[in-house]
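# A structural walkthrough
This is what each chain is made of:
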2 protein chains.
Amino acid sequence: MNLRDLGEHAGQWLRGAGPHGEVVLSSRVRLARNVAGFPFLAKASDAQRRELVELCRSRIFDSGFAEKMLWVPLDESPKLDRQLLVERHLISRQHARGDAARGVAISLDEAFGIMVNEEDHLRIQVLRSGMQLDDVFAQASQIDDVLEGDLHFAYSPKLGYLTACPTNVGTGIRVSVMLHLPALKMTGDIEKVRRAAKDMHLAVRGFHGEGTEAVGDLYQISNQATLGRSEQDLLADFQHEIIPKIIEYEQRARHALEQARTALLDDRIHRAWAILTSARLLGSEEALYLLSHLRLGVAMGRIPGVDICTLNELFVLTQPAHLQRITKRALSGGERREVRAAFVRQRLTEQGGKNG
Amino acid sequence: MNLRDLGEHAGQWLRGAGPHGEVVLSSRVRLARNVAGFPFLAKASDAQRRELVELCRSRIFDSGFAEKMLWVPLDESPKLDRQLLVERHLISRQHARGDAARGVAISLDEAFGIMVNEEDHLRIQVLRSGMQLDDVFAQASQIDDVLEGDLHFAYSPKLGYLTACPTNVGTGIRVSVMLHLPALKMTGDIEKVRRAAKDMHLAVRGFHGEGTEAVGDLYQISNQATLGRSEQDLLADFQHEIIPKIIEYEQRARHALEQARTALLDDRIHRAWAILTSARLLGSEEALYLLSHLRLGVAMGRIPGVDICTLNELFVLTQPAHLQRITKRALSGGERREVRAAFVRQRLTEQGGKNG
């Protein structure tokens, strides 16, 4: 199998409709690990990097984590393939760049990926649809345990796992939840959430991670520090305190819009449906903006006959590399706008549409 | 009869589909006249103003210009009625303002109106759908001749008709044609038309006349000076030179869009239809902008099942005073946006829609 097998649909973590799917798109846990006896990557020679790739790759593929797994040698992959993996959230932007030896192991269902030679030697990432942090963490831990049985990880009894960046030292864990918060955006209360998150030392990022704006009203909430707290405490906080509270705020904002500003709410929702099924040219940002409003309408039961999973998928499939994968040729910016419009129109109307 | 009889539909001059209706909305001729023996209005006393109103009104109604005619005493009319008449292009903005004695006589089919005590004592205005300047001028002349038989108009053998503003001295005529030029706007060539019009001493105004922007890609082209040229020369210029040339430019621009920028063209057209039939809140300017694009699509045969006359009408019926007439109550700006959206949606979808 190869990358051609991906691309037609989004990964299960996005396509599915997990718990609290009306607000939570996905849950993610990422663990940063380094192999003892090798320098951190900033100090590693080319030969050491290559050695790390071979070592990690063979350990990962010997472990049988999934029935079907794919290895992508990023230093030998075309730019479009790397961009595709970034759009699917399987590698980071940073991992896509440069020409040093590195790669990623992906399970075919995209439930997990293991980046080799990103910022750390190993980054184990597990993704699930909706609010499923416990399951996600359980799988990440299992992969971690198996790999740790083979490889010796850099670890200090006092500090915990050692990582390239000090913010990851300790448990090396990053917990992220992707939330759809269009109502809080419309009421303006999203700023309160941002401030509260900052006070709790949480990072709020956009759909595409670090350094991106919250297009399409999608927000990634994640922890910043990993030192001095157990994974269990952190997870319990996310699972039982922080995220349920944000979900509740968003649901209250939706209810308030429904009660007091029905025309505004329905205007956004019906315009979104109308434009997405009619436009002949559609920019990437506008598509996300409209998909967000339509997703709100579907989640609130105000637009019948549209499947929320289709909308989740379109957030990924309308991105540049995916459009080029679908058309099987390089597209200019102008051509992409045309292809994007046609693709969205087809995907939405083949369901029978809002009156179907 | 009274003003209640107007309002449900636009006047025939706008509702109809006259010659070259795909580009020309309407033709208009306006004649400025003053009654000899009375000072211009800037110098007239209140008593003289009232006397002028009585004199002109009785002459107009004795002349039997139309089977059914309506007199509106503007100084005694509510603001909403006056605004309604402005929106229907039956009086000017200037004529709607102030509390001095004045009024307007209107034929029920709105084919002509005679303003009394606007800037001049009399302003005879005739309107027709599409390109019909000859007919329009013939009717204006006929009304002028009849009134001149009763009233003695201020006239100088050297200068011609004397008027309050020097630009109207001479024939006192203003010829205007309302054009829909969306393709020239999209290609940017509208600026060439503007420059050429300026070189020919023509005025280019918006849908609502003097001092308004060209919202909805509607442009009023009219002469500026009236001294030193016969009405016949001026009309021949408009009818056979100026307007046919602009129509040709617009048609060429439409053809060019159809050939080379089909996606852009269809994007505008289909978005316009989609939003107009889906929005729950619609501002006045946005409505005109979208109606313009939809009108282009209908005129070019790219949207089936929509009647161009309905669109012409909506340019007027979506204005504030008309919406309040339709709902029979005063509406805030926010309420108007809601009522406008519902009204447009209903008018467009009751036709069976673009696939009907």
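On a predicted model such as this, the values are computed, not experimentally measured, just so you know.

### Quick word on the overall build of chain A
- On a plain count of helices and strands, chain A comes out with 13 helices and 10 strands.
- Taken against the 2.2 N^0.38 rule, which gives 21 Å for 356 residues, the C-alpha radius of gyration of chain A at 21 Å falls within 12% of a compact globule.
- The principal-axis extent of the C-alpha atoms belonging to chain A is close to 65 × 45 × 30 Å.
- Across the 356 residues that make up chain A, the buried fraction comes to 58%.
- Within chain A, contacts between residues at least 6 apart in sequence are counted, and of these 71% link residues at least 24 apart.
- Taken as a whole, chain A presents about 14,800 Å² of accessible surface, with 48% of it coming from carbon and sulfur.
- Taking the average place of the 46 positive charges on the side chains of chain A and the average place of its 46 negative ones, the gap between the two points comes to 5 Å.

### Points about the packing of aromatic side chains
All names here are of chain A.
- Across all of its chains, the model carries 4 aromatic pairs over all chains by this definition.
- A ring pair is formed by Tyr 155 and Tyr 161, whose centres lie 4.9 Å apart and whose planes are at 75°; its orientation type is edge-to-face.
- Residue class for Tyr 155 comes out partly exposed when judged on its relative accessible area of 48%.
- Across the ring face of Tyr 161, the terminal group of Arg 33 is positioned such that the distance to the ring centre comes to 3.6 Å.

### Remarks on the interface of chain A and chain B
- Across the contact, 15 residues belong to chain A and 15 residues belong to chain B.
- For the chain A and chain B pair, buried surface summed over both sides reaches about 1,300 Å², with 60% attributable to carbon and sulfur atoms.
- Between A:Glu286 and B:Arg271 there is a salt bridge, and its shortest N-O distance comes to 2.8 Å.
- Summed over the shared surface of chain A and chain B, the number is 8 residue pairs in polar contact (both at pLDDT 80 or more).
- Top contributing element to the side of chain A that touches chain B by residue count: helix H9 (residues 262–276) of chain A, with 8 residues.
- Of the residues belonging to the side of chain A that touches chain B, the class tally is 7 nonpolar, 2 polar and 6 charged.

### Let's talk about the sheet that holds strand S2 (residues 69–73) of chain B
Residue and element names in this part refer to chain B.
- With respect to topology, 8 strands assemble into an open sheet ordered S2-S3-S4-S5-S1-S8-S10-S9, the strand pairing being antiparallel. Two strands bound the open sheet, and with one partner strand each, they are S2 and strand S9 (202–205). Strand-to-strand, the axes of this sheet are offset by a mean angle of 20°, without reference to chain direction.
- As paired strands, strand S1 (residues 24–33) and strand S5 (residues 122–129) are joined by 8 bridges and run antiparallel to one another. Within the sheet, the bridge partner assigned to Leu 31 lies in S5 and is Ile 124.

### Brief notes about the relation of the copies chain A and chain B
- Each copy superposes on the other: chain A lies on chain B with an RMSD of 0.1 Å after a rotation of 180° and an axial shift of 0.1 Å. Here the copies are linked by what is in effect a two-fold axis. Rotation axis and chain A: the residue whose C-alpha lies nearest the axis is A:Ala274, separated from it by 2.5 Å.
- With an isologous cut-off of 70% or more, the 100% of interface residues of chain A that recur at the interface of chain B puts this contact in the isologous class.

### A few points about the domain arrangement of chain A
Residues and elements named next belong to chain A.
- Considered domain by domain, chain A is made up of domain 1 (3–252) and domain 2 (261–351).
- Taking only C-alpha atoms into account, the centre of domain 1 sits 26 Å from that of domain 2.
- Taken residue by residue, the interface counts 32 residues in domain 1 and 26 residues in domain 2.
- Both sides together, the interface formed by domain 1 and domain 2 hides about 2,500 Å², and carbon and sulfur atoms give 60% of it.
- When the area that domain 1 buries against domain 2 is broken down by residue, the three leading residues are Leu 80, Glu 87 and Met 186, summing to 24%.
- For the pair domain 1 and domain 2, the number of links is 11 residue pairs in polar contact (both at pLDDT 80 or more).
- Those elements that provide at least two residues to the side of domain 1 that touches domain 2 are helix H1 (12–15), helix H3 (79–87) and helix H6 (182–187).

### A word on the pattern of salt bridges
Residues and elements named next belong to chain A.
- Within the structure shown, the criterion is met by 40 salt bridges over all chains.
- Ionic pairing is found between Glu 248 and Arg 252, a salt bridge with its closest N-O pair at 2.4 Å. Of this pair, Glu 248 and Arg 252 both sit in helix H8 (residues 231–260), separated by 4 residues, roughly a single helical turn.
- Relative accessible area serves as the criterion here: at 40%, Glu 248 is assigned to the partly exposed category.

### Points about unusual backbone geometry
All names here are of chain A.
- The phi dihedral of His 89 falls on the positive side, at around 65°, and the residue is not glycine.
- Inspection of the secondary structure assignment puts His 89 in the loop between H3 and helix H4 (93–96).
- Among the residues examined, His 89 registers a relative accessible area of 13% and is labelled buried.
- The phi dihedral of His 201 is positive, around 60°, even though this residue is not glycine.
- By secondary structure assignment, the location of His 201 is in the loop between helix H7 (190–199) and strand S9 (202–205).
- We classify His 201 as exposed; its relative accessible area is 59%.

### Brief notes about the pairing of strand S3 (residues 103–107) of chain A
Residue and element names in this part refer to chain A.
- Extensive coverage of S3 is indicated by the burial of 5 of its 5 residues.
- The alternating pattern of S3 places Gly 103, Ala 105 and Ser 107 and Val 104 and Ile 106 on opposite faces, both of which are buried.
- Summarising the sheet, strand S2 (residues 69–73) and S3 pair through 5 bridges and their orientation is antiparallel. Note that in S3 the partner of Val 72 across the bridge is Val 104.
- Alignment of S3 against strand S4 (residues 112–116), held across 4 bridges, turns out to be antiparallel.

### Focus: the environment of A:Ile221
Residues and elements named next belong to chain A.
- Relative to the helices and strands, Ile 221 is located in strand S10 (residues 218–223).
- Ile 221 sits 58 residues away from Ala 279 along the chain, and the two C-alpha atoms are 32 Å apart.
- The contacts of Ile 221, once residues within four sequence positions are left out, are Val 175, Ser 176, Val 177, Leu 179, Leu 202, Ala 203, Val 204, Phe 238, Ile 243 and Ile 246.

### Overview of the environment of A:Gly16
All names here are of chain A.
- Topologically, Gly 16 is positioned in the loop between H1 and strand S1 (24–33).
- Note: C-alpha distance between Gly 16 and Arg 93 (77 residues apart in sequence) is 24 Å.
- Setting aside chain neighbours within four positions, we find Gly 16 in contact with Ser 129, Cys 309 and Asn 312.

Thresholds applied
Residues numbered from 1 in each chain as written. Chains lettered and ligands numbered in written order. Predicted model: local features only at pLDDT ≥ 70, side-chain atom pairs only at ≥ 80, totals over all residues. Heavy atoms only, no water. Helix = DSSP H or I, 4+ residues; strand = E, 2+ residues; numbered from the N terminus. Rg over C-alpha atoms; globule rule 2.2 N^0.38 Å. Buried < 20%, exposed > 50% of the residue type's maximum accessible area, 1.4 Å probe, protein only. Contact = heavy atoms within 4.5 Å. Areas by Shrake-Rupley, 256 points an atom, 1.4 Å probe, with all protein chains shown as cover. Lys, Arg positive; Asp, Glu negative; His and termini not counted. Charge placed at Lys NZ, Arg CZ, Asp CG, Glu CD. Phe/Tyr/Trp six-rings, centres within 6.5 Å; stacked < 30°, edge-to-face > 60°. Lys NZ or Arg CZ within 6 Å of the ring centre and 35° of its normal. Buried area = accessible area lost by both parts, 1.4 Å probe. Salt bridge = Lys/Arg side-chain N within 4 Å of Asp/Glu carboxyl O. Polar contact = N/O pair within 3.5 Å; in protein donor to acceptor, adjacent residues only side chain to side chain. Nonpolar A, V, L, I, M, F, W, Y, C, P; charged D, E, K, R; others polar. Pairing = 2+ DSSP bridges. Axes fitted to C-alpha atoms, helices over the stretch in contact; angles between N-to-C directions. Least-squares fit on C-alpha atoms with pLDDT ≥ 70 in both. Domains from an automatic or database assignment.

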